[in-house]
Amino acid sequence: MRGRRGSHSMSVLVYLIVLWQTRFKADSNSTRTFKDITTFTKILDSLLDGYDNRLRPGLGDRVTEVKTDIYVTSFGPVSDTDMEYTVDVFFRQSWKDERLKFHGPMNILPLNNLMASKIWTPDTFFHNGKKSVAHNMTMPNKLLRIMEDGTLLYTMRLTVQAECPMHLEDFPMDSHSCPLKFGSYAYTKTEVTYIWTRNASQSVDVAADGSRLNQYDLVGQTVGKETIKSSTGEYTVMTAHFHLKRKIGYFVIQTYLPCIMTVILSQVSFWLNRESVPARTVFGVTTVLTMTTLSISARNSLPKVAYATAMDWFIAVCYAFVFSALIEFATVNYFTKRGWAWDGKSVVNDKKKEASIMKKNNAYAVAVANYAPNITKDSTLPTISKCALSDPNKMTGEMKPEQNKKTFNSVSKIDRISRIMFPVLFGSFNLVYWATYLNREPVIKDLDPSK
């Protein structure tokens, strides 16, 4: 019994010791955490004590160097009519400010946007930006980190709507390079300068699922740096170009195939009889109106540029083929009308003569029938009656060879030539057109294909 009581008391004692140690560790951890928070607060207060965020780092001593890189989370859409595009990015900037050096238990201080408003930050703006939005939901999307050596990392999420100059001579087989230009608004290159954080292939990175383009393929991107001069000095401008190539599938279905089918339909009229005036007129007028409608609708999705695009040239040539088919029919019909006017008149006159002869023959036949008793007495009557009865056969026999010599449904030589010439010319035009534009490859220097 005594042994059992001793073991029980020992287990209770061990349990109390473990509980005391756990409680002691928790108290020590909370005390340490409280001390760390107090330390960080003192560090931040000491950093901001006497700090003037109106003055740039290294004022009067050195040029402030700002390192930048961009991570594109969403690219697109691209507007052809307004010549602009939209891009959603994480815009990162890094610079060194000796006034923010510190020594503490951590090498990096992760902070939010509240601290960013109390220190100096670069006055970066987008040169070709039409509209820029800094996201503020649910809080301003900004990140600030301060390293112990005074280096700062400042990141923000932006949606930028920027200009994209387009040259549409090769539309819709065209390629474009949409720039994104940014730099300091107030500081010249002798005060603040920009450089890319990493090399050209990594300074501007596009997310794998970041493309929001329906009509374009994002071929790649390149980065650069340039200097612009103004009345207030010279400024450093960082440039990132996004290279786009248009997808032609939509335009083939909506414009090119209807134009080709309309031209083929206009050439069907060459195989109709030259006398089918209503049918050939409908073919010609309908195809001309169809090409007019297609040319108008094709221009609605483009800005009102003063030059002709590749699609405009194609539509113009198709329009010329359709209109030429209508003129060809008018030419054929003109000569057909001249021949039919003369032939129709001769046929009418011949029919009138034949009718009058038949009437006279019928009159003789009636006279012979009424005076049959006297016919045998008079020897001249049988001769007259035979001549009268035999004359119609002779007249029709004489007229048939003349009618057989005339052909009213003959195929025009112009139609025969057009049946071969028009398809050959249109096929040759398509061969040259597509071989010329599809084999054109945009020349892009230092291109980094996006993966």
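Shown above is the structure to which this text applies.
In this text the structure is predicted, and so the values were computed from the model without any measurement.

1. Some points on the overall build of the protein chain
Here comes step 1: The helix and strand inventory of the protein chain stands at nine helices and 13 strands.
Here comes step 2: Residue burial in the protein chain is summarised as follows: out of 451 residues, 33% are buried.
Here comes step 3: Look at the contacts in the protein chain between residues 6 or more apart in sequence, and 79% of them connect residues 24 or more apart.
Here comes step 4: Counting every atom, the protein chain has about 27,400 Å² of accessible surface; 60% of that belongs to carbon and sulfur.

2. As for the packing of aromatic side chains
Here comes step 1: Within the structure shown, the criterion is met by 28 aromatic pairs.
Here comes step 2: Pairing F91 with F182 gives two aromatic rings, centres 5.0 Å apart and planes at 85 degrees, and the pair type is edge-to-face. On the criterion of sequence distance, the pair formed by F91 in strand 2 (residues 84-96) and F182 in strand 8 (residues 175-184) is long-range, its members being 91 residues apart.
Here comes step 3: For F91, a relative accessible area of 2% corresponds to the buried category.
Here comes step 4: For F182, a relative accessible area of 0% translates into the label buried.
Here comes step 5: Through pairs of rings, three or more aromatic residues link up here, namely Y256, F270, F314, F321, F422, F426, F429, Y433, W434 and Y437.
Here comes step 6: Against the face of W271 rests R419, its NZ or CZ located 4.4 Å from the ring centre.

3. As for helix 4 (residues 249-267)
Here comes step 1: When the terminal C-alpha atoms of helix 4 are compared, their 26 Å separation across 19 residues agrees well with the 27 Å that a helix rising 1.5 Å per residue should span.
Here comes step 2: Along helix 4, the sharpest kink reaches roughly 35 degrees, centred on Y256 and followed within four residues by the proline P258.
Here comes step 3: Within helix 4 the residues assigned to the buried category are F251, T255, Y256, C259, I260, T262, V263, S266 and Q267.

4. Some words on the state of the cysteines
Here comes step 1: Scanning the entire structure with this criterion turns up one disulfide.
Here comes step 2: With a sulfur-sulfur separation of 2.0 Å, C164 is cross-linked through a disulfide to C178. Taking the sign of the S-S torsion, -70 degrees for the link of C164 and C178, the bridge is left-handed. Of this pair, C164 sits in the loop between strand 7 (151-163) and strand 8 while C178 sits in strand 8, and the two are 14 residues apart along the sequence. Of the two residues, C164 and C178, both sit in the buried class.
Here comes step 3: Cysteine C259 remains unbridged, with the sulfur of C318 as its closest cysteine sulfur at 4.9 Å.
Here comes step 4: On the basis of relative accessibility, which here comes to 0%, the residue C318 falls in the buried class.

5. Topic: the packing of helix 4 against helix 5 (residues 277-299)
Here comes step 1: Helix 5 packs onto helix 4 with a crossing angle of 165 degrees between their chain directions and a minimal axis gap of 10 Å. Taken together, the axes of helix 4 and helix 5 lie roughly antiparallel to each other. When you trace helix 4 past helix 5, the crossing you get is left-handed. Contacts from Q254, T255, P258, C259, T262, L265 and S266 of helix 4 reach helix 5 at F283, T287, T290, M291, L294 and A298.
Here comes step 2: Grouping the constituent residues of the contact of helix 4 with helix 5 by class yields seven nonpolar, six polar and no charged.

6. Comments concerning the pairing of strand 12 (residues 233-246)
Here comes step 1: Taking burial as the measure, the 14 residues of strand 12 include 10 buried ones, the bulk of the element.
Here comes step 2: One ladder, built from nine bridges, connects strand 8 with strand 12; its direction is antiparallel. Bridge pairing in strand 12 links F182 to M238.
Here comes step 3: Sheet analysis places strand 11 (residues 216-230) next to strand 12, joined by 14 bridges and oriented antiparallel. Looking at the pairing, G220 lines up with H243 of strand 12.
Here comes step 4: The turn joining strand 11 and strand 12, which pair antiparallel and follow one another in sequence, is formed by two residues.

7. Concerning helix 5
Here comes step 1: Taking 1.5 Å as the rise per residue, helix 5 with 23 residues should run 33 Å; its terminal C-alpha atoms sit 34 Å apart, in good agreement.
Here comes step 2: Buried within helix 5 are the following residues: R280, G284, T287, V288, M291, L294 and A298.

8. What to know about the side chain of N333
Here comes step 1: On the secondary structure map, N333 appears in helix 6 (residues 310-370).
Here comes step 2: Residues within four places of N333 in sequence aside, it is in contact with R274 and V277.

9. Overview of the side chain of N430
Here comes step 1: As for its placement among the helices and strands, N430 is situated in helix 9 (residues 413-438).
Here comes step 2: Since its relative accessible area comes to 12%, N430 is described here as buried.
Here comes step 3: Within the local environment of N430, its side chain forms a polar contact with the backbone oxygen of F426, the two atoms lying 2.9 Å apart.
Here comes step 4: Here N430 is in contact with I260 and F314, once residues within four sequence places are set aside.

10. Re the nonpolar core
Here comes step 1: Residues V72, F75, Y85, L180 and F242 are the most contacted members of the largest nonpolar core, which totals 76 residues.
Here comes step 2: Per-element tally for this core: the top contributor is helix 6, with nine residues.
Here comes step 3: Setting aside anything within four residues of it in sequence, one finds L180 in contact with I70, Y85, F126, N128, V160, A162, M238, T239, A240 and F242.

What counts as what
- Residues numbered from 1 in each chain as written.
- Predicted model: local features only at pLDDT ≥ 70, side-chain atom pairs only at ≥ 80, totals over all residues.
- Heavy atoms only, no water.
- Helix = DSSP H or I, 4+ residues; strand = E, 2+ residues; numbered from the N terminus.
- Buried < 20%, exposed > 50% of the residue type's maximum accessible area, 1.4 Å probe, protein only.
- Contact = heavy atoms within 4.5 Å.
- Areas by Shrake-Rupley, 256 points an atom, 1.4 Å probe, with all protein chains shown as cover.
- Phe/Tyr/Trp six-rings, centres within 6.5 Å; stacked < 30°, edge-to-face > 60°.
- Lys NZ or Arg CZ within 6 Å of the ring centre and 35° of its normal.
- Expected span 1.5 Å × (residues − 1).
- Bend = angle between axes of the 7 residues up to and from the residue.
- Disulfide = S-S within 2.5 Å.
- Axes fitted to C-alpha atoms, helices over the stretch in contact; angles between N-to-C directions.
- Parallel < 35°, antiparallel > 145°, perpendicular 65-115°, else oblique.
- Left-handed = near helix turned anticlockwise from the far one by under 90°.
- Nonpolar A, V, L, I, M, F, W, Y, C, P; charged D, E, K, R; others polar.
- Pairing = 2+ DSSP bridges.
- Polar contact = N/O pair within 3.5 Å; in protein donor to acceptor, adjacent residues only side chain to side chain.
- Core = buried A, V, L, I, M, F, W, Y, C linked by side-chain atoms within 4.5 Å.

In short, geometric facts, not functional conclusions.
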